[in-house]
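What follows is each chain in one-letter form.
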Amino acid sequence: MSGHFTGLRPTIFFTFLLLSLALIAFFLQFPDPTTRFTDTKDDPVTKMGSGLPGPVRSSSVDCAGLLGQSGKVSFPYFRNWKFDFGSDLSPKISITSTTSGGIEQILPWIFYHKVIGISNFFLFVEGNAASVATYKVLQSIKGVKIIHRTRDLEEQQANSRIWNETWLEAFFNKPCNYELFVKETLNMETSIIMAREAEMDWIIHLDTDELMYPAGSQEYSVRKLLSDVPGDVDTVVFPNYESSVERDDIKEPFSEVTMFKKNFDHLSKETYFGYYNEASQGNPNYFLTYGNGKSAARVQDHLRPNGAHRWHNYLKNLNEIKFDEAAVLHYTYSKFLDLTSRRDRCGCKPTREDIERCFMLDFDRNAFVIASTSTEEEMLDWYRDHVVWTDKELKLKLLKRGILTRIYTPTVIIQSLKESGVFSSVIASAQTNISDSDKKNLMSSENVNKSSNYNLRKIGEDRGRKVLEFSAVNSHAVPPQSLPGLNDIHLHI
């Protein structure tokens with residue numbers, strides 16, 4: 001009997017060994033759960049390319065302050081990375097933006113885009129962005145060019161080619177969003193000159209409440225995406241996704257918002273129209289604001305903006321394609337205070353006539369009326385009903401259908417930059433002295449911002465315009481546009 005069991009022992013041992021090795025191999029095929037995200041392949045946090053050490057493990061979002069150093073450093077960021085690159089990047093990509101945001105918004109925005117391959121930034125600053133404290137920090141960052149809204153700039157733009165052509169004239173002499181649209185377009189025209197001087201290959205117009213999302217690139221890199229674009233393509237459209245906030249007390253959208261609504265261009269028609277009403281949450285359109293994305297253009301001869309969302313060429317039709325996976329993440333109305341800040345920057349009255357003149361999109365009009373005529377409690381109730389996603393069953397349903405999606409990568413990158421001390425280091429090392437010419441620009445910028453009578457509309461009304469002939473290849477300015485509604489379903493079948 002004992003001899004029988006003795007003969008079985010080697011067999012049992014080897015069977016147990018093989019089973020153990022099989023189980024180990026089975027579990028090793030799954031990645032570390034701390035680096036997995038529900039957005040699967042669209043959110044490649046574990047490989048954020050271009051030399052970024054990985055994998056990056058994110059701790060929970062710290063509320064101690066976006067720009068301060070907090071908690072344990074997730075990775076020693078400066079070990080293998082430097083932010084003073086320039087000539088070694090190819091292609092060279094620039095972003096132009098018109099902003100009045102504060103340093104707490106602009107600084108993470110800049111460094112996030114540096115991580116994904118953007119080398120140069122042309123920032124046209126006003127308001128908070130033009131303050132001395134903010135300027136000291138921004139002007140110390142390599143690759144960032146600050147342009148103040150001075151009287152000289154406004155005089156220069158009032159004499160520009162765009163100002164004297166007719167394709168943008170439908171937006172002239174109107175307040176608020178229309179005036180901002182014209183200003184952004186004129187600034188884009190100026191940026192093209194700067195991009196050529198800096199020998200940029202691509203230029204993108206982006207707001208400081210928007211982040212590029214280079215899905216579809218193994219390196220999580222806009223540079224990699226654009227380097228793979230065929231040489232005969234002039235412009236590439238990034239469809240936009242819209243932030244879908246789940247709380248009414250968001251303070252730092254880039255760090256706290258992880259749910260987004262996908263664009264029509266990245267959904268099947270059956271899914272989009274089939275769940276349109278549920279996805280709209282009773283609002284006028286599928287997205288709260290614009291849905292026609294943003295565009296990157298090759299820097300080339302005769303290039304001009306075609307409004308804030310597209311580009312144009314005076315002498316040829318641009319060959320344009322659209323990315324199937326990459327997108328722009330638009331953090332719109334992501335904070336409750338956005339209701340009042342948008343109200344306060346516009347000198348408009350909550351009348352039907354005025355809101356038609358001031359705003360292009362329906363939700364902006366509705367939000368302005370609410371912010372202008374309601375108590376804070378009423379505004380908060382309205383914000384919860386129309387912006388905040390509180391219905392858990394509906395969220396789960398639309399996440400399963402792919403209309404809503406979780407995207408964690410921007411949060412992880414910005415959190416890791418913060419924990420590595422990048423932001424606090426930049427602030428601490430910012431130059432304490434400002435040159436005389438910069439002081440003059442700051443003073444001029446402050447005077448323009450404070451003046452209620454001096455702006456592009458005033459210049460245009462006082463001086464008139466010399467209307468130039470249309471070019472052979474012509475296009476009217478592309479405004480912010482809503483996505484298709486249910487009444488448009490017959491156009492997409």
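Residues numbered from 1 in each chain as written. Predicted model: local features only at pLDDT ≥ 70, side-chain atom pairs only at ≥ 80, totals over all residues. Heavy atoms only, no water.

As annotated in an unreviewed UniProt entry, the chain carries the name Glycosyltransferase family 92 protein and comes from Penstemon davidsonii. The heading Subcellular location (unreviewed entry) in the UniProt record of the chain holds the text "Membrane". (UniProt positions renumbered as here; feature names shortened; annotations may be inferred.)

Colleague: Just to check I follow, could you spell out helix 13 (residues 376-386) for this structure?
Modeller: Since there are 3.6 residues in each turn of an α-helix, residues three or four apart along the chain are aligned in direction. Those residues of helix 13 lying buried are Met379, Trp382 and Tyr383. End-on, the buried residues of helix 13 take up no more than an arc of 100°, which puts them together on one face. Those residues of helix 13 that are exposed and aimed more than 90 degrees away from the buried face are Glu377 and Asp385. For helix 13, the elements touching its buried residues are helix 10 (338-344) and helix 12 (362-373). (Buried < 20%, exposed > 50% of the residue type's maximum accessible area, 1.4 Å probe, protein only. Helix = DSSP H or I, 4+ residues; strand = E, 2+ residues; numbered from the N terminus. Arc of directions from axis to C-beta. Contact = heavy atoms within 4.5 Å.)

Colleague: Can you walk me through the sheet that holds strand 6 (residues 235-238) in this structure?
Modeller: Backbone hydrogen bonds hold the strands of a sheet together, and the pairing may be parallel or antiparallel. A sheet is described by the order of its strands in space; here seven strands give the open sequence 3-2-1-4-9-6-12, paired in mixed fashion. Edge positions in the open sheet fall to strand 3 (144-148) and strand 12 (320-322), since each of these has one partner strand only. Averaged over all adjacent pairs, the angle separating strand axes in this sheet is 20°, with direction ignored. Of the strands in this sheet, strand 1 (93-99), strand 2 (120-125), strand 3 and strand 4 (202-205) are in contact with helix 5 (residues 177-197), which crosses strand 1 at around 150°. (Pairing = 2+ DSSP bridges. Axes fitted to C-alpha atoms, helices over the stretch in contact; angles between N-to-C directions.)

Colleague: What is the right way to look at the sheet that holds strand 7 (residues 240-243) in this model?
Modeller: The five strands lie next to each other as 5-13-7-8-14, forming an open sheet whose pairing is mixed. Sheet topology places strand 5 (210-213) and strand 14 (404-406) at the edges, where each strand pairs with a single neighbour. Between one strand axis and the next, the sheet turns through 35° on average, direction left out of account. Sheet topology note: the strand 7/strand 13 (residues 327-330) ladder contains three bridges and is parallel. Pairing of Tyr241 across the sheet is with Leu329, part of strand 13.

Colleague: Can you walk me through the pairing of strand 4 in this structure?
Modeller: Where a strand is regular, its side chains alternate between the two sheet faces. With burial as the criterion, each face of strand 4 is covered, one bearing Trp202 and Ile204 and the other bearing Ile203 and His205. As defined by bridge partners, strand 1 adjoins strand 4 across four bridges and the pair is classed as parallel. Across the sheet, residue Ser94 finds its bridge partner in strand 4, namely Ile203. One ladder, built from three bridges, connects strand 4 with strand 9 (residues 294-298); its direction is antiparallel. Bridged to Ile203 within strand 9 is Ala297.

Colleague: What is the right way to read the environment of Ser97 from this model?
Modeller: Checked against the element boundaries, Ser97 lands in strand 1. The contact partners of Ser97, leaving out residues within four places of it in the chain, are Trp109, Phe122, Leu123, Phe124, Leu206, Asp207 and Thr208.

Colleague: I keep staring at the state of the cysteines and nothing clicks. Help me out?
Modeller: Any covalent bond linking the sulfur atoms of two cysteines counts as a disulfide. Taken as a whole and assessed by the stated rule, the structure comprises two disulfides. Shown here is the disulfide that connects Cys348 with Cys358, its sulfur atoms set 1.9 Å apart. As the torsion about the S-S bond is roughly -100°, the Cys348-Cys358 disulfide counts as left-handed. Placement of Cys348 in the loop between helix 10 and helix 11 (352-358) and of Cys358 in helix 11 is noted, with a sequence separation of ten residues between them. For the pair Cys348 and Cys358, one class covers both residues: buried. Indicated for the chain is the disulfide connectivity 1-2, 3-4, based on numbering the bonded cysteines in sequence order. (Disulfide = S-S within 2.5 Å.)

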